[in-house]
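Structural overview
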Amino acid sequence: MPILHSIIHRIDLAGEQPARLVAAEAEAAPSPALDELLAGVNSAYHGKTKAWGHFGAGSRMATSLGAYLDGETDFVSLSRELAQRLTEMLGEHLSVGGHLLLAHYRHGDAEYLSLALLHHREGWGIDEHGAIVAANQLNLAQLSLAARLDIRQWRAETPSKQYLSWLRDRGGKKFAEAFAELLGAEEGIDAGGETRTLLKAFSDYVEQEDLADDQAREKTEALLDYASDQARRGESITLEALAEVVDDHDSKAFYEHIRHLDYGLSPEIPPDKKALNQFRRFTGRAGGVSISFDSHLLGSSVEYDETSDRLIIKQVPKQLKEQLKQR
């Protein structure tokens with residue numbers, strides 16, 4: 001992950017005093033520690049709930065970034081402009097500051113520009129004499145403000161609607177809205193909704209193909225492994241790639257199922273980790289009865305009465321219904 005440019009500014013927020021930017025004089029020096037820090041920030045970022053979208057018309061951020069990429073301004077000047085605007089915004093919404101990391105880097109064939117506000121926590125270390133000493137540490141787990149721009153997608157001839165992502169702080173709606181406004185960002189895709197629709201399409205596919213329990217379980221695990229791996233890497237689920245993972249014997253079957261029934265899915269879907277974690281299959285077999293269903297159906301199409309130990313199926317599959325009528 002080559003870092004092309006990076007810089008770390010400090011934003012001070014203390015009590016009733018106005019927010020203050022302490023700008024760095026120059027870019028951060030390349031080092032293994034910087035590489036590891038950026039990798040840690042990216043890992044924390046990928047695990048957070050995000051909004052996905054694009055720059056709206058008249059975005060100051062887009063104008064500033066475009067000037068930098070076109071060589072009209074340098075990275076340090078760009079970073080100070082963004083840091084000053086963020087400082088003003090943070091002074092209205094947060095009570096604690098931190099260090100603002102901005103990085104322009106490559107990862108594989110992609111090129112990104114990321115920003116993240118890094119907070120601190122008190123910790124302990126051990127010095128060269130074996131004594132325990134207080135140590136101020138970066139707290140990546142509490143990442144609350146960050147954004148990432150896929151530069152190549154943004155600058156492509158036909159840019160997507162999801163080249164920009166930013167953290168959505170559920171604990172502070174006004175803060176999240178102010179950050180999106182500062183970015184000049186507009187949401188282009190609902191990652192949670194798209195992921196849930198994709199999982200619904202998969203459930204329909206499993207039912208349509210009338211797969212055995214072990215086959216359904218195997219395909220479910222393959223889908224979740226692929227989607228979760230994409231989420232960890234901060235990359236989108238590609239429908240064609242997913243179709244190959246789900247069915248290696250007929251790599252187009254699942255893709256054709258999605259297209260034929262027109263679920264309205266985008267070709268690339270940012271995976272929502274919460275939706276993925278909630279999706280699994282319940283299976284059981286005993287006394288000549290075999291039952292298998294997706295977990296998201298529990299409470300809607302399927303109900304379990306723990307007191308009487310009964311499973312109630314509200315929407316009986318058509319094929320099973322026909323067989324029951326003919327008994």
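Computed from a prediction, not measured in an experiment: that's the story for all the values here. (Residues numbered from 1 in each chain as written. Predicted model: local features only at pLDDT ≥ 70, side-chain atom pairs only at ≥ 80, totals over all residues. Heavy atoms only, no water.)

1. Considerations on the overall build of the chain
A tally of helices and strands in the chain yields eleven helices and 16 strands. In the chain, which comprises 327 residues, the share counted as buried stands at 43%. A sequence separation of at least 24 residues applies to 62% of the contacts in the chain between residues at least 6 apart. When the accessible surface of the chain is totalled, it reaches about 18700 Å², and 47% of it is carbon and sulfur. Each charge class in the chain can be summarised by its mean position, and for the 36 positive and 52 negative side chains these summaries are 5 Å apart. (Helix = DSSP H or I, 4+ residues; strand = E, 2+ residues; numbered from the N terminus. Buried < 20%, exposed > 50% of the residue type's maximum accessible area, 1.4 Å probe, protein only. Contact = heavy atoms within 4.5 Å. Areas by Shrake-Rupley, 256 points an atom, 1.4 Å probe, with all protein chains shown as cover. Lys, Arg positive; Asp, Glu negative; His and termini not counted. Charge placed at Lys NZ, Arg CZ, Asp CG, Glu CD.)

2. So, the sheet that holds strand β4 (residues 98-107)
Spatial strand order, β2-β1-β4-β5-β8-β9-β3-β10: eight strands in an open sheet with antiparallel pairing. Looking at which strands have only one partner, the edges of the open sheet turn out to be β2 (20-22) and β10 (185-189). Between one strand axis and the next, the sheet turns by 25° as a mean value, whatever way the strands run. Direction of pairing for strand β1 (residues 3-12) relative to β2: antiparallel, over a ladder of three bridges. For D12, the partnering residue across the bridge sits in β2 and is R20. Sitting on the sheet, helix α1 (residues 32-46) is in contact with β1, β3 (50-55), β4, β5 (110-118), β8 (146-150) and β9 (164-167), with an inclination near 95° to β4. (Pairing = 2+ DSSP bridges. Axes fitted to C-alpha atoms, helices over the stretch in contact; angles between N-to-C directions.)

3. Regarding helix α6 (residues 191-209)
Note that an α-helix has 3.6 residues per turn; residues three or four places apart therefore point the same way. Here α6 spans 27 Å end to end across 19 residues, near enough to the 27 Å set by a 1.5 Å rise per residue. Taken residue by residue, α6 has A191, G192, G193, E194, T195, L198, L199, A201, F202, S203, Y205 and V206 as its buried positions. Two residues or fewer after α6 comes D210, characterised by a positive phi angle close to 50°. (Expected span 1.5 Å × (residues − 1).)

4. Focus: the side chain of E194
In this fold, E194 is placed in helix α6. Buried charged residue E194 carries no salt bridge. Nearest counter-charge: R196, at 10 Å. (Salt bridge = Lys/Arg side-chain N within 4 Å of Asp/Glu carboxyl O.)

5. Quick notes on the packing of helix α8 (residues 239-246) against helix α9 (residues 253-261)
Two elements in contact, α8 and α9, have axes separated by 7 Å at closest approach and are oriented at 130°. It follows that α8 is oblique to α9 by the angle criterion. In this structure, α8 contributes L239, E240, L242, A243 and V246 to the contact, and α9 contributes F254, Y255 and I258. Here the contact of α8 with α9 is built from residues that sort into seven nonpolar, no polar and one charged. (Parallel < 35°, antiparallel > 145°, perpendicular 65-115°, else oblique. Nonpolar A, V, L, I, M, F, W, Y, C, P; charged D, E, K, R; others polar.)

6. With respect to the nonpolar core
In globular proteins that are soluble, nonpolar side chains generally tend to be buried together. If you look at the biggest cluster of nonpolar residues, it comprises 39 residues, and the most contacted ones within it are F55, L145, W166 and F179. The dominant element in this core, judged by the number of residues it contributes, is helix α3 (residues 75-93), at eight residues. If we ignore the near neighbours within four places in the chain, the residues touching L145 are L86, M89, L90, L115, A116, L117, L167, F175 and F179. Formed by 25 residues, the second largest nonpolar core is a distinct cluster that contains A201, L223, A227 and L276. (Core = buried A, V, L, I, M, F, W, Y, C linked by side-chain atoms within 4.5 Å.)

7. Side note on α1
The end-to-end C-alpha distance of α1, which contains 15 residues, comes to 21 Å, matching closely the 21 Å that a straight helix rising 1.5 Å per residue would cover. Taken together, the buried positions of α1 are L34, L37, L38, V41, N42, A44, Y45 and H46.

8. What about the pattern of salt bridges?
Between side chains of opposite charge, a pair can form as their charged atoms come close. Tallied over the full model, the rule gives six salt bridges. Taking the shortest distance from any N to any O, the salt bridge between D12 and R10 comes out at 2.9 Å. Residue classification places R10 among the partly exposed positions, given a relative accessible area of 31%. Across the pair D70 and R155 runs a salt bridge, and its minimum N-O distance is 2.5 Å. Here D70, found in the loop between α2 (60-69) and α3, pairs with R155, found in the loop between α4 (151-154) and β9; they are 85 residues apart in sequence, far enough to count as distant. A relative accessible area of 47% places D70 in the partly exposed class. A relative accessible area of 40% places R155 in the partly exposed class.

9. Some details on a negative patch on the surface
On the surface, D214, E218, E221, D225 and D248 cluster together into a patch of negative charge. Looking at the element boundaries, D248 is found in the loop between α8 and α9. Take D248: its relative accessible area is 63%, and that puts it in the exposed class. (Patch = residues over 30% accessible without salt bridge, like charges linked within 9 Å, V, L, I, M, F, W, Y side chains within 5 Å.)

10. Things to note about the packing of aromatic side chains
Inspection of every chain in the model, using the stated rule, returns seven aromatic pairs. Geometrically, the ring pair formed by F202 and F254 is edge-to-face, given 6.0 Å between the ring centres and 90° between the ring planes. Of this pair, F202 sits in helix α6 while F254 sits in helix α9, and the two are 52 residues apart along the sequence. Ring-pair connections join several aromatic residues into one group, and the members of that group are F55, W154 and Y163. Its guanidinium or amino end placed over the ring of Y45, K50 lies 5.1 Å from that ring's centre, counting from NZ or CZ. Sitting over the face of the ring of Y255, K252 holds its NZ or CZ atom 6.0 Å from the ring centroid. (Phe/Tyr/Trp six-rings, centres within 6.5 Å; stacked < 30°, edge-to-face > 60°. Lys NZ or Arg CZ within 6 Å of the ring centre and 35° of its normal.)

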